[in-house]
Amino acid sequence: VVASLTVQNALRFTVNVGMFALFNVWAESKIRDADRASVLSGELIACSTLGMGIGVILAGRLVKRGRERRALVWMSAVGAIAIGSLGFVGDAVWAGSVGDADPSTRSLIGLLPLYLLAIVAPLGYFATFPITASLGQRLLPGHTSIATSLLMGVGWAVSASHALLAPWLLGADLNSAYLLPARDISMAFVGFASLIVVAGILAACMRPSVIRSVADDH
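Residues numbered from 1 in each chain as written. Predicted model: local features only at pLDDT ≥ 70, side-chain atom pairs only at ≥ 80, totals over all residues. Heavy atoms only, no water.

Draft legend 1. The arrangement of the packing of helix 1 (residues 2-30) against helix 8 (residues 162-170) in detail. Relative orientation of the contacting elements helix 1 and helix 8 amounts to 50 degrees, with a least axis distance of 9 Å. By the angle class used here, helix 1 and helix 8 are oblique. Where helix 1 crosses over helix 8, the two elements pack in a sense that is right-handed. Judged by residue contacts, Thr14, Val17, Gly18, Ala21, Leu22 and Val25 of helix 1 engage His162, Leu165 and Leu170 from helix 8. (Axes fitted to C-alpha atoms, helices over the stretch in contact; angles between N-to-C directions. Helix = DSSP H or I, 4+ residues; strand = E, 2+ residues; numbered from the N terminus. Parallel < 35°, antiparallel > 145°, perpendicular 65-115°, else oblique. Left-handed = near helix turned anticlockwise from the far one by under 90°. Contact = heavy atoms within 4.5 Å.)

Spelled out as C-alpha cells, the structure:
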C-alpha cells in the first residue's frame with residue numbers, strides 16, 4: 001500500500017507542477033503579450049494555490065481514518081474532471097466575456113467558471129497529501145520519516161518530469177506552444193487529468209483490509 005501511495009503521489013505532484021506550465025501556455029495563447037499574459041496565468045496559479053490550501057485543510061479534518069481509499073478515489077475523480085475541463089471551459093468563457101476585445105478589459109466575473117475550476121482542480125493532486133501522509137506513517141509506524149520521504153520526496157523528484165511531459169502532450173516546446181490551436185492546448189489538460197485517473201485507479205486497488213487495520217493507530 002505504501003508503494004502504491006508513493007506512485008500515486010508522484011503522479012499527482014507531476015500534475016501539480018504541470019498545471020502551472022499549462023496555465024502559462026493557455027494564458028499566452030489568449031494574450032500574446034508575455035507580460036500581460038503572466039498576470040492572467042498568475043491569477044490562475046493563485047486560484048490553484050488557494051484551492052490547494054483549502055483542500056488540504058478540509059481533507060485533513062474531514063476524511064476519517066479507515067476511509068482513505070474511498071476519499072482518494074472520489075477526490076481523484078473530481079480533480080480529474082476539473083483538470084480535464086479547464087482548457088475547454090477557459091476557451092468558452094474567454095470567447096464569451098472577452099472575444100476580440102482588449103484582454104485588459106476582461107471581466108473577472110466573466111472568467112469566474114475558469115477560476116472556480118482552478119480552485120477545485122487541486123482536489124485531485126494536492127488535497128490528497130495529508131490523507132496519504134497520515135496513512136503511510138500509520139502503515140510504517142517504526143519508520144515514519146521514511147514513509148514521509150517516500151510520499152513527499154519521491155513525488156516531488158518525479159514531478160520534474162513535467163518538463164518533458166508537458167511539451168510531449170502539447171506537441172510543441174513550451175516557448176512556442178501558445179501558437180498551437182486552442183484544442184491542442186485543451187487536450188494537454190486532458191492528458192494531465194489522465195494521470196490523476198491512473199492515481200485514482202491505484203487508490204481503488206489498495207486492499208481495504210490493510211487500510212482498516214491501522215484505522216485506530218495513532
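Moving on from the model shown.
Draft legend 2. Looking closely at the environment of Gly171. Mapped onto the elements of the fold, Gly171 is located in the loop between helix 8 and helix 9 (182-204). Residues Gly171 and Ser186, spaced 15 residues apart in sequence, show a C-alpha to C-alpha distance of 12 Å.

Draft legend 3. Expanded view of the packing of helix 3 (residues 68-97) against helix 6 (residues 129-139). Relative to each other, helix 3 and helix 6 sit at 150 degrees, their axes nearing to 11 Å. Of the possible angle classes, the one that applies to helix 3 and helix 6 is roughly antiparallel. Between helix 3 and helix 6 lies a crossing of left-handed hand. Facing Glu68, Ala71, Leu72 and Met75 of helix 3, the residues of helix 6 in contact are Ile131, Thr132, Leu135 and Arg138.

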